[in-house]
There are 2 protein chains.
Amino acid sequence: MATLSDIGVAAAINILSALIFLLLFAILRIQPFNDRVYFPKWYLKGLRSSPVTSGAFVSKIANFDYRSYIRFLNWIPAALKMPEAELINHAGLDSAVYLRIYLIGLKIFVPIALLSWSILVPVNWTSDGLQLAKLRNVTSSDIDKLSISNVEYGSDRFWVHLVMEYAFTFWTCYVLMNEYEKIASMRLAFLQSEKRRADQFTVLVRNVPPDSHESISEHVEHFFMVNHPDHYLTNQVVYNANELAGLVEEKKKMQNWFDYYQLKYTRNKEQRPRVKLGFLGLWGKKVDAMDHYTAEIEKLSEQIMAERKRVTKDENGAMPAAFVSFKTRWGAAVCAQTQQTKNPTEWLTEWAPEAREVYWPNLSMPYVSLTVRRLVMHVAFFFLTFFFIIPIAFVQSLASIEGIQKSAPFLNTIIEKDFIKSVIQGFLPGIVLKLFLIFLPTILMIMSKFEGFVSISSLERRAAFRYYLFNLVNVFLGSIITGSAFEQLDSFLKQSADQIPRTIGVAIPIKATFFITYIMVDGWAGVAGEILRLKPFVVFHLKNFFLVKTEKDREEAMDPGQIDFYATEPRIQLYFLLGLVYAPVTPVLLPFIIFFFGFAYLIFRHQIINVYNQEYESAAAYWPDVHGRIISALIISQILLIGLMSTKGKAQSTPFLVILPILTIGFHRFCKGRYESAFVVNPLQEAMIKDTLERAREPNLNLKGFLQNAYIHPVFKDEECEDDQYEELIEDSDDENCVIVPTKRQSRITTATSSNPNGGLSQPCLVINLTRVKANRSLDVQ
Amino acid sequence: MATLSDIGVAAAINILSALIFLLLFAILRIQPFNDRVYFPKWYLKGLRSSPVTSGAFVSKIANFDYRSYIRFLNWIPAALKMPEAELINHAGLDSAVYLRIYLIGLKIFVPIALLSWSILVPVNWTSDGLQLAKLRNVTSSDIDKLSISNVEYGSDRFWVHLVMEYAFTFWTCYVLMNEYEKIASMRLAFLQSEKRRADQFTVLVRNVPPDSHESISEHVEHFFMVNHPDHYLTNQVVYNANELAGLVEEKKKMQNWFDYYQLKYTRNKEQRPRVKLGFLGLWGKKVDAMDHYTAEIEKLSEQIMAERKRVTKDENGAMPAAFVSFKTRWGAAVCAQTQQTKNPTEWLTEWAPEAREVYWPNLSMPYVSLTVRRLVMHVAFFFLTFFFIIPIAFVQSLASIEGIQKSAPFLNTIIEKDFIKSVIQGFLPGIVLKLFLIFLPTILMIMSKFEGFVSISSLERRAAFRYYLFNLVNVFLGSIITGSAFEQLDSFLKQSADQIPRTIGVAIPIKATFFITYIMVDGWAGVAGEILRLKPFVVFHLKNFFLVKTEKDREEAMDPGQIDFYATEPRIQLYFLLGLVYAPVTPVLLPFIIFFFGFAYLIFRHQIINVYNQEYESAAAYWPDVHGRIISALIISQILLIGLMSTKGKAQSTPFLVILPILTIGFHRFCKGRYESAFVVNPLQEAMIKDTLERAREPNLNLKGFLQNAYIHPVFKDEECEDDQYEELIEDSDDENCVIVPTKRQSRITTATSSNPNGGLSQPCLVINLTRVKANRSLDVQ
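What comes next concerns the included structure. Note that the coordinates shown come from a computational prediction; the quantities given were computed from them, not determined experimentally. (Residues numbered from 1 in each chain as written. Chains lettered and ligands numbered in written order. Predicted model: local features only at pLDDT ≥ 70, side-chain atom pairs only at ≥ 80, totals over all residues. Heavy atoms only, no water.)

Quick word on the packing of helix H23 (residues 456-480) of chain B against helix H29 (residues 565-582) of chain B
Pairs of packed helices are described in terms of their axes, by the angle between the two and the distance that separates them. All names here are of chain B. Where we set the bar: Interaxial angle, 0 to 180 degrees, is taken between N-to-C directions of lines fitted to C-alpha atoms, where a helix line uses only the stretch in contact. Here a helix means four or more residues in a row that DSSP labels H or I, a strand means two or more in a row labelled E, and each is numbered from the N terminus. Working rule for angles: under 35 degrees goes down as roughly parallel, over 145 as roughly antiparallel, 65 to 115 as roughly perpendicular, anything else as oblique. Take the far helix as the reference: if the near one is turned anticlockwise from it by less than a right angle, the crossing is left-handed, and if turned clockwise, right-handed. Contacts are assigned to residue pairs that have any heavy atoms within 4.5 Å of one another.
Direction vectors running N to C along H23 and H29 enclose 40 degrees, while the axes themselves pass 8 Å from each other. Judged on the interaxial angle alone, H29 and H23 are oblique. Considering only the axes of H23 and H29, their crossing is right-handed. Together, Glu460, Arg461, Ala463, Ala464, Tyr467, Tyr468, Asn471, Leu472, Val475 and Phe476 of H23 and Phe565, Tyr566, Ala567, Glu569, Pro570, Arg571, Gln573, Leu574, Leu577, Leu578 and Val581 of H29 make up the contact between the two elements.

Some details on the nonpolar core
The condition is simple: We call a set of buried Ala, Val, Leu, Ile, Met, Phe, Trp, Tyr and Cys residues a nonpolar core when their side-chain atoms join them within 4.5 Å. When accessible area is computed with a 1.4 Å probe and restricted to protein chains, residues below 20% of their type maximum are described as buried, those above 50% as exposed, and intermediate ones as partly exposed.
Within the largest apolar cluster, 150 residues are counted, with the highest numbers of intra-cluster contacts made by Tyr102(A), Phe476(A), Phe597(A) and Trp623(A). When near neighbours in sequence (up to four residues on either side) are disregarded, Tyr102(A) contacts Ile572(A), Phe596(A), Phe597(A), Ala600(A), Tyr601(A) and Phe604(A). Grouped together as the second largest cluster of nonpolar side chains are 149 residues, Tyr359(B), Phe436(B), Ile609(B) and Ile631(B) included.

Here's the deal with the pattern of salt bridges
To keep things clear, this is the line we draw: Think of a salt bridge as a Lys or Arg side-chain nitrogen and an Asp or Glu carboxyl oxygen that are within 4 Å of each other.
Counting across every chain of the model gives 34 salt bridges over all chains. Among the charged side chains, a salt-bridge network with shared partners connects Arg196(A), Arg329(A), Asp691(A), Glu694(A) and Glu698(A).

Some details on the relation of the copies chain A and chain B
Condition: Alignment of the copies relies on least squares applied to C-alpha atoms, considering only residues that score at least 70 for pLDDT in both.
Structural alignment of chain A on chain B gives an RMSD of 0.2 Å, achieved by rotating through 180 degrees and translating 0.0 Å along the axis. One copy is carried onto the other by what is essentially a two-fold rotation axis. Taken as a fraction of all interface residues of chain A, those also at the interface in chain B reach 100%, which identifies the copy contact as same-surface.

Examining the packing of helix H29 (residues 565-582) of chain A against helix H31 (residues 623-647) of chain A
Residues and elements named next belong to chain A. With their axes 9 Å apart at the nearest point, H29 and H31 run at an angle of 30 degrees to one another. Judged by the inter-axis angle, H29 sits roughly parallel to H31. Between H29 and H31 the crossing geometry is right-handed. Side by side, H29 and H31 meet where Phe565, Glu569, Gln573, Phe576, Leu577, Leu580 and Val581 of the first sit next to Val626, Arg629, Ile630, Ala633, Leu634, Ile636, Ser637 and Leu640 of the second.

Observations regarding the interface of chain A and chain B
The condition is simple: As used here, buried area is the combined drop in accessible area, with a 1.4 Å probe, of two parts when they are placed together.
Every contact between the two is made by 47 residues of chain A and, on the other side, 47 residues of chain B. Of the roughly 3,900 Å² buried between chain A and chain B on both sides combined, carbon and sulfur atoms contribute 63%. At the junction of chain A and chain B, the tally comes to zero salt bridges. Among the secondary structure elements, those contributing two or more residues to the side of chain A that touches chain B are helix H13 (216-227), helix H16 (329-337), helix H17 (367-387), helix H24 (485-494), helix H32 (654-675) and helix H33 (684-697) of chain A. With seven residues, the single largest contributor to the side of chain A that touches chain B is H32(A).

Regarding the environment of Leu477(A)
Residues and elements named next belong to chain A. If you trace the backbone, leucine 477 turns up in helix H23 (residues 456-480). Relative accessible area serves as the criterion here: at 17%, leucine 477 is assigned to the buried category. For the pair leucine 477 and isoleucine 508, spaced 31 residues apart in the sequence, the C-alpha separation amounts to 9.8 Å.

Here's the deal with the pairing of strand E5 (residues 318-326) of chain A
Residue and element names in this part refer to chain A. Stated formally: DSSP-based pairing: two strands are paired if at least 2 bridges between them are found.
Counting buried positions over the nine residues of E5 gives eight, a clear majority of the element. Here strand E1 (residues 202-206) pairs with E5 via four bridges, running antiparallel. Opposite valine 203, over in E5, you have valine 324 as the bridge partner. Pairing of strand E2 (residues 232-239) with E5, which is carried by six bridges, proceeds in the antiparallel orientation.

Topic: a nonpolar patch on the surface
Here is the rule we go by: A patch is a set of surface residues, each over 30% in relative accessible area and not in a salt bridge, joined within 9 Å for like charges and within 5 Å for the nonpolar side chains Val, Leu, Ile, Met, Phe, Trp and Tyr. Values of accessible area rely on a 1.4 Å probe in the Shrake-Rupley scheme; residue burial ignores everything except the protein chains shown.
Taken together, the side chains of Ile431(B), Leu435(B), Ile438(B), Phe439(B) and Ile443(B) define a hydrophobic patch exposed on the protein surface, amounting to about 430 Å² of accessible area. For Ile438(B), the position within the fold is in helix H22 (residues 428-451).

Re the side chain of Thr349(A)
Residues and elements named next belong to chain A. What counts here: The definition of a polar contact used here is a pair of N or O atoms within 3.5 Å, where within protein one atom must be able to donate a hydrogen and the other to accept one, and adjacent residues in sequence count solely through side-chain atom pairs.
Tracing the chain through its elements places threonine 349 in strand E6 (residues 348-351). Within the structure, threonine 349 has its side chain in polar contact with the backbone oxygen of threonine 338 (distance 3.3 Å). Ignoring anything within four residues of it in the chain, the contact list for threonine 349 reads Val203, Leu204, Val205, Phe224, Cys335, Ala336, Thr338 and Gln340.

Details of the environment of Val237(B)
Looking at where Val237(B) falls in the secondary structure, it is placed in strand E2 (residues 232-239). Leave out the neighbours within four places in its chain, and Val237(B) touches Ile216(B), Ser217(B), Ala318(B), Met319(B), Ala321(B) and Ala322(B).

Focus: the packing of aromatic side chains
To keep things clear, this is the line we draw: Pairing of aromatic side chains here covers Phe, Tyr and the six-membered ring of Trp, requires ring centres within 6.5 Å, and sorts the geometry by plane angle: under 30 degrees stacked, over 60 edge-to-face, intermediate tilted. A ring has a charge above it when a Lys NZ or an Arg CZ is no more than 6 Å from the ring centre and no more than 35 degrees off the ring normal.
One pass over the full model with this rule turns up 68 aromatic pairs over all chains. Ring geometry for Trp524(A) and Phe595(A): centres 4.6 Å apart, planes at 65 degrees, overall edge-to-face. Of this pair, Trp524(A) sits in helix H26 (residues 512-532) while Phe595(A) is found in helix H30 (residues 590-610), placing the two residues 71 residues apart along the sequence. In this structure an aromatic cluster arises from ring pairing among Tyr98(A), Tyr102(A), Phe109(A), Tyr575(A), Phe576(A), Phe596(A), Phe597(A), Phe604(A) and Tyr612(A). The ring of Phe706(B) is capped by Arg196(B), whose NZ or CZ atom sits 5.1 Å from the centre of that ring. For the cation-ring pair, Arg373(B) lies above Phe450(B), with the distance from its terminal atom to the ring centre recorded as 4.4 Å.

In structure tokens form, the structure reads like this:
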């Protein structure tokens, strides 16, 4: 068992490594050539121009201004300075609310820590349960003297812990309720303040029943003409454009190469660049590059035209889904919240997601398939959680010396070498597991996609929920009760219901030091690593050095990244769980948690301001999930305390403690009823207010024009921009047919995002083309 | 353990008693003086006039026509003859669908019984597990030879049971799905075919926020004028009229006495009747009866007028709730399904229940109180289920000899007598328990009322759900594992999760004979007792003999009763549970279940046609609950089979069986998504169709007049009829202000119902007054 000084040493090491990360960051960030790595957000907002284009060459790469090294820590106050309202404006509500999760951690645990250190620690310290135990030769450490372990069996002092648990519960609930209320009002204010957006007027209709006499578009039109006669405006049918998307992607690549060679040619007019046609341009016939790519683009354009016609004209091209737009927000809110026909599996309506976050491939799934897919995924997730260790163990066995010798005998000579042998034996099994854990959120995301959610935010929320469960079972329980999740499951099934919390409860104080180390390694050092952005740093410089051909490429090489809600939030939840479980048991753990929340808040605030660029804005739609998971952590902590108490000769306290989870569940239901709807539905009053204001301000608004092409598959939009309205765009870049989703973050228009082919292409088309057209013209001039 | 012949004897006894009941019924029902006991439905429909008013006196009382005795069983084909469509027309959809529950029992269990008798019984019979067991001195009966107990430990024959369980599950699900679909379409057709009804246009709004400048009615009007500008029509605020209702009730009683004495006076003009003013008219000053009651009525009328003014004028009289009516069904459907404001606890809208089934006292509950009440009732029900035996035991101890001697020593002399002593010792404890069980549904109903549901159908559904759980724990589990529910809970908490189904599973084959007896006593004899209507029979004749003063009184003495869904449906569910649990284990039980379902179907069909008169019509809104409970019975049966198998040396079959509950849950979710909404929401398309048709047919309809007073508290309605529009009524009994809810069962207008003061008073006012006015006039003429 670790003593206080052991913990101190571990803390020192971790703080040191965190400090080294921070120092490295502080130095790297002021080097101009890293500017795009550490401040991409500002580039995307158009508020920062490339330092490479101005000043002397050397000062473009390294910073020799000694004053900036003196002020190397000034990013910390800078990160904290921006007020929340501005932050919402700058980075969106999703990011601002995400930061509040860390703040809640502080709000919950700082008072709890003060309380437990001023009351529980003295109570524990002045007991002498461990001294009595020592007489029976049970060893213990200093930390245990501060924990509940030091209180004698059956002592009345446990009532103090019980009262404290009440205080902790009430405080946590109080903070949670305030926060829920605050965030609900922030969300409503955010939605209310938004400019006119297509999704305010639009409803996604799925499972349109087939009609032998009409096309889907006509059928939709007729249906809503009849059933929403005063409000229906227009509709956009969803086309199955997966093949088309492939062709467009291909064409874009060709266009890129063409631009590259053209640039090369303009720099060196003497020789027209040539390419080899074979694999990766390494062999094959040599042809003129520009001619070749022009021909390729030509060919692809024709194919795309043909495919487009096929998709839009062909009966099978249209999916039985459509985006239906209404004349008023009120009409859309009504349609989204009501059932249209007596068959609840047809004409399913829901509030349309923002155009950027539509997950197009899932739009056509029929109802029965959804039920089956959901069931299959539940079962699959169950097996993933409890049996994931089996395939891992299989791969690990393959990755062993004997495994490799068997499956790939030709590698014998290599792996016989001592160094490689030791690498395989020492690292490979661990790496296999680590790789699995790194890819786990992605696997869960794929599972969500298979399940058929139509918006990226709902995909993320489902994946986050599953990741949380996985962590709960395999990290939290798995660490407390050693053994694989499957073994736990087996032993739990064979244990009685009141024995399970007891088994876990007993193990909790013992594992405190383990979790303290975990917090330091995973929390402190992990967060410090986040600010250094090592991967984007390396990738950007590699790309910049080897691949960047055009300015546009450099823009693309700059990967701002984003908060992947589904991968990060469940990990924060683990800290809430640890804090709440250990608050009445081992208060020593709390300062570590508090430091984590404070530090992470600082780092992520900086990153959100300077780096991350969210792909879409869900207006904090994920909050009910966050709230629910903190509540469940609270309930788990209460049940485990019951289990622990009953092993401490205080089984008579059970009735008093059982009240707590019941109250907590009641509180949760109250919050759910009181606030959740703000995150789910669109109240009519708000819609009516916005409608009325708009009618008063812009009586002659051409709404139909505004909504016409808002929900076209990104592939079609690209095409339209490029082919049909090519020239118009230059004249009037605010043309209604192409300005699609004006959001708060309009500055994104100044750049291209290609990171997500599904949601990220609503606006860039405009700009790409503008840039390209201008480039072409300047070439012509030359 | 009971042998086959024991069961045979028990069956004979029960069949005999059932036959005696039926014979008694057959004789009693053809006696004219019982006509109102056995055919009240027809009286209420106005299709049968009192036999007392025509023919010779003797034949009015007894039937001496021998031919009718020969045809004494002709009620059976008569009961089955009425086609379902006519039955719906005659008795409403609720009753027709209720009968289908019994039919489902037949549809599920007849094929299952055939299958299990042709496959499982031979398999069990030809095994010799019990013979082997006999060698080890384990006794067994003939019935066990037909059950799964006869298969040897670890035999491969268990795979047959396993396959059969699959077949049973699929068959049950198939029947359930067909039935859900059928009933959903019946409900939709029923709703579609209904005439114009106020609730189609009306939405119940609760939690209207207070406004300092406007009255509630104005506030509601303004809010809906703004937010539903094209559709809002009118509103009716809910008043707190509980006191007023008391006064009206009192006045009605006085009026009744007045009528009685007037009748007496008209029969015997010589002496004006006199009454004593003291307790129950037994002592006190003697005064002229008619003068006294006229004065009393006068006084009460004034009080009522004053109270009415107070309630409607006073600020505190209006509750923050209102019935809001719309111009179209579409508008009402939209408002009921949408959220009005950003605060989801204000302006709560829901589809208004039929005026008859509004539970007025609950309309004013604020949101927070609802959450708390719900939580409190959940906890209370938990304690009721698991600890109900504690107060019962306490009362039983009081009801013992020693208890009475202690608490009431003055009774000593009486209870010392041997006979009374033995009665107290032998019966009292049992009676205390029986009384509790009889009152249990009522207790659960009171709990539901406390919880704050606003319609009687939802009250009934909640009470039914709780009654089902209580039966499951205390009757089903309580019979299998002897011991109180609390002891079971304790032992379950201390058992492991996989041990619980095993413990129960093992006990199941042993308890088969007990449940067979239970089915015969509770099911067969109980149902046969139902047709005899012993309680209404006795009560009617007692009332008729002693209390009936006027023809109106006789109408009121005739208690048609109704199917109390909350008390009867959960008991049917017990038979589904028994059938599904025993189908793979002891197929011998199935014929008893089938006989129960068939017999009960017959009896209840007869009763529904001839006797019961439902208070309200919910259009089978309870069906999702019925479906859900059969599904849960199916899952319980599957889990118990897993437990049983694992004790039979077939633990390796568990994975195959575990799939079944998962599939069943998936099936349930599918059905829920596919059909449930038909029972919850009002689809827009249907509303639009009815609106359009109506506009075409009656372009000049005065909808406002129709809806004006539809949702007035019954007390006000009564008053209006009596005082204000007294004379008008005679002129035009179809006056819009008084014809409130035209339903399918308009024939109810011809009678008065006083059985329920909340929901049953929507129409009778008309008729009572008419009758009275006519009576008065005829007196005047004389």
